Amino acid sequence: MKTATKTLFALTAAAAFGGFAATGLNLMLEQPASAAPTASAAVPATAALPTAVNGTPLPSLAPMLKKVLPAVVSVNTKQRVRVNTPFGDDPVFRRIFGIPAERIAQSLGSGVIIDAQRGLVLTNNHVVEDADEVQVTLADGRTLKAEFVGNDADTDIALMRIPAQNLTAIPVANSDQLQIGDFVVAIGNPFGVGQTVTSGIVSAVGRNNLPGAGYQNFIQTDASINPGNSGGALVNLNGELVGINTASFNPRGSMAGNIGLGFAIPSNLASRIKDQLLAGGVVRRGTLGIDTQDVDARIAKGLGLAEARGAVVTRVYPGSAGGAAGLKIGDVVVAANGQPVDNAEALRNFQGLQAPDAKITLDLLREGKPLKITSGLREAPKALDGSQLDARLAGASFAELPESLRRQGLAGVLVEKVERGSRAQQNYLQPGDVVLTASSGDFSDLTGFRASLSRGSDQLVLQVLRNGRAYNVPMR
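A quick note: this is a predicted structure, and the numbers were derived from the prediction, not measured.

## Overview of the overall build of the chain
Consideration 1: A tally of helices and strands in the chain yields 12 helices and 29 strands.
Consideration 2: Sequence separation of at least 24 residues holds for 61% of the intrachain contacts in the chain that already meet a minimum separation of 6.
Consideration 3: Total accessible area on the chain stands at roughly 24,600 Å², and carbon and sulfur atoms take up 52% of it.

In structure tokens, the structure reads:
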């Protein structure tokens, strides 16, 4: 009890003083760009914290941080961006007006050394995405060029390697053991000011409803996470990695600073992604091979359910893992591996975070009665060649929609590539098109798209979303 009291006092002090410093810095950074006056906030008076309780000095986080800080690095990226002009690529115009053909865009983030012997560094994918050059600055001041190992955009994880000796790695904890109320410390490089530490508690676990992000199972914390903290470490009081800081929420935008809503990728998930990237450079995901939709009030009434919650199975594809396990149309999935499934998106998110060879347990309602089944998963296809689907699609490559687009309400498949002069190009398909529907049948992903085309059709018309507008594109 005394230890818990000591720790609580220490973190309260750290959060209080760290919060005042962060607020002051945020105000200094925002003031020059502010277009409207802001109301002054009353600053509550606070009593001085005691230096000791019952004669025992308050503990400090410093000994733990002294071991951890060398494992957290700053990440600097450079990207060559083409400069567009009203006169296109006219070299005379560029020379007369001194307009360069390209400019260098730079960004800052953070990273975590998780293997000192091999120099492996975890960070967020969005920190290094599309970068032409990545440099890592260690806590001791050394700056090194990083080698890209692999990335997974849908979980926002990237893995790099740095060629250095005498590195310090951070031990990795079992993030499944985190509980709401556990104390955590966030470490990173916010706003590029340098290595910074903030403290707080775990506000929630298993968050999966953030707009614009991919597959989600976030740790939520009130430890300050600001721009530049992305890719940094979230650690427990033992100095073990429990998460990779990845996002913060603020209605005024991320550059407005922290309001106590920060999110981190659990260390267990980050470790699984890291292992797959090291093994083959790509991430493989499992799927049940089913289509589902949300259980709304109308469906709940029709199925005789007590509440409108869960994902109702609307299709079971032939040869799928779900079919082999005995899933049927009309089954309502209400939990997976003990995690509540509130809607179809939650079930899709759960599947996307599992490996293809994973075994899962599903809690169902079948005809209103509870049922528990165990199912394997099969690998979800990442891309399909159009020529294998239909001759009229030859030359196009189709991929799963990024989860960030799915969370904007889109369903379908992405036209990833179109070969020049191919039949697909002659049919006016373009890279980046989102195929929403097809005359061949309904679908929501690659598995469904392939199944709809397997039936064959004399006429094939795709509805595609291009630059925010929907078009019907006949395939000839």
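What follows continues from the structure just given.
## Side note on the UniProt feature "active site" (unreviewed entry) in the chain
Consideration 1: As recorded in UniProt, the sites labelled "active site" (unreviewed entry) are His126, Asp156 and Ser230. The greatest C-alpha distance among the residues just named is 10.2 Å, despite their covering 105 residues of sequence, which places them together in space.
Consideration 2: Structurally, the position occupied by Asp156 is in the loop between strand S8 (147-152) and strand S9 (157-161).
Consideration 3: For Ser230, a relative accessible area of 14% gives the class buried.
Consideration 4: Residues contacting Ser230, with those up to four places away along its chain left out, are Gly109, Ser110, Thr123, Asn124, His126, Val127, Asn245 and Thr246.
Consideration 5: Within polar-contact distance, the side chain of Ser230 engages the side chain of His126 at 3.1 Å.

## Here we look at the packing of aromatic side chains
Consideration 1: Applying the stated criterion across every chain, the model contains 3 aromatic pairs.
Consideration 2: Pairing Phe398 with Phe449 gives two aromatic rings, centres 5.2 Å apart and planes at 55°, and the pair type is tilted. Here the residue Phe398 occupies a position in strand S25 (residues 396-400), and Phe449 occupies one in helix H12 (residues 446-453), the gap between them amounting to 51 residues. Assigned by exposure class, Phe398 and Phe449 land together as buried.

## Some points on helix H5 (residues 267-280)
Note that an α-helix has 3.6 residues per turn; residues three or four places apart therefore point the same way.
Consideration 1: In this model, H5 (14 residues) spans 20 Å end to end at C-alpha, consistent with the 20 Å of a helix rising 1.5 Å per residue.
Consideration 2: For H5, the set of buried residues is Ser267, Asn268, Leu269, Ala270, Ser271, Ile273, Lys274, Gln276 and Leu277.
Consideration 3: Just beyond H5, the residue with positive phi is Gly281, at close to 80°.

## Re the confidence of the model for the chain
One rule of thumb: low pLDDT means the predicted coordinates there are not for detailed reading.
Consideration 1: Of all residues in the chain, 81% attain a pLDDT of 70 or more, and the chain-wide mean is 82.
Consideration 2: Taking the mean pLDDT of every element in the chain, the minimum, 39, falls on helix H1 (residues 2-30) and the maximum, 96, on strand S13 (residues 233-235).
Consideration 3: Across residues 1-47, confidence stays below pLDDT 50; counting only partners more than four residues off in sequence or on other chains, it has 27 contacts.

## Let's talk about the pattern of salt bridges
Consideration 1: Counted according to the given criterion, the structure contains 14 salt bridges.
Consideration 2: Across the salt bridge formed by Arg285 and Asp152, the nearest N and O atoms sit 2.5 Å from each other. Here Arg285 is found in the loop between H5 and strand S16 (286-287), whereas its partner Asp152 is found in strand S8, with 133 residues between them in sequence. There is no split in this pair, since Arg285 and Asp152 are both buried.

## Description of the sheet that holds strand S11 (residues 196-207)
Consideration 1: Read around the barrel, 6 strands follow the order S10-S11-S12-S15-S14-S13 and close on themselves; strand pairing throughout is antiparallel. Averaged over all neighbouring strand pairs, the angle between strand axes comes to 45°, with direction disregarded.
Consideration 2: Pairing between S11 and strand S12 (residues 218-221): 3 bridges, direction antiparallel. Considered in S12, the bridge of Ala204 is made with Gln220.

## As for the sheet that holds strand S28 (residues 460-466)
Consideration 1: Judged by pairing direction, the sheet is antiparallel, and its 6 strands sit side by side in the order S24-S25-S26-S27-S28-S29 without closing on themselves. The open sheet is flanked by strand S24 (383-385) and strand S29 (469-475), the only strands paired with a single partner. Neighbour to neighbour, the strand axes of the sheet diverge by 35° on average, direction disregarded.
Consideration 2: On the sheet, H12 packs against S24, S25, strand S26 (413-418), strand S27 (434-438) and S28 and is oriented at approximately 135° with respect to S25.

## Some remarks on the side chain of Thr198
Consideration 1: Counting through the fold element by element, Thr198 comes out in strand S11.
Consideration 2: In this view, Thr198 contacts Val184, Val185, Ala186, Ala223 and Ser224; residues no more than four positions away in its chain are not counted.

## Observations concerning the environment of Arg161
Consideration 1: In this fold, Arg161 is placed in strand S9.
Consideration 2: Among the residues examined, Arg161 registers a relative accessible area of 28% and is labelled partly exposed.
Consideration 3: As for Arg161 and Val136, which are separated by 25 residues in sequence, their C-alpha atoms are 9.8 Å apart.
Consideration 4: The contacts of Arg161, once residues within four sequence positions are left out, are Arg118, Gly119, Leu120, Lys145, Ala146, Glu147, Val149 and Leu278.

## Thoughts on helix H8 (residues 344-352)
Consideration 1: Most of H8 is tucked away: 7 of the 9 residues are buried.
Consideration 2: Here H8 has its buried residues at Ala344, Ala346, Leu347, Asn349, Phe350, Gln351 and Gly352.
Consideration 3: Those residues of H8 hidden inside the fold are in contact with S16, strand S17 (290-294), strand S18 (311-316), strand S19 (332-336), strand S20 (339-340) and strand S21 (359-366).
Consideration 4: Here H8 starts with a cap whose side-chain oxygen sits 3.3 Å from the backbone nitrogen of Glu345, and that cap is Asn343.

Reading the values: the criteria
- Residues numbered from 1 in each chain as written.
- Predicted model: local features only at pLDDT ≥ 70, side-chain atom pairs only at ≥ 80, totals over all residues.
- Heavy atoms only, no water.
- Helix = DSSP H or I, 4+ residues; strand = E, 2+ residues; numbered from the N terminus.
- Contact = heavy atoms within 4.5 Å.
- Areas by Shrake-Rupley, 256 points an atom, 1.4 Å probe, with all protein chains shown as cover.
- UniProt positions renumbered as here; feature names shortened; annotations may be inferred.
- Buried < 20%, exposed > 50% of the residue type's maximum accessible area, 1.4 Å probe, protein only.
- Polar contact = N/O pair within 3.5 Å; in protein donor to acceptor, adjacent residues only side chain to side chain.
- Phe/Tyr/Trp six-rings, centres within 6.5 Å; stacked < 30°, edge-to-face > 60°.
- Expected span 1.5 Å × (residues − 1).
- pLDDT = per-residue confidence, 0-100.
- Salt bridge = Lys/Arg side-chain N within 4 Å of Asp/Glu carboxyl O.
- Pairing = 2+ DSSP bridges.
- Axes fitted to C-alpha atoms, helices over the stretch in contact; angles between N-to-C directions.

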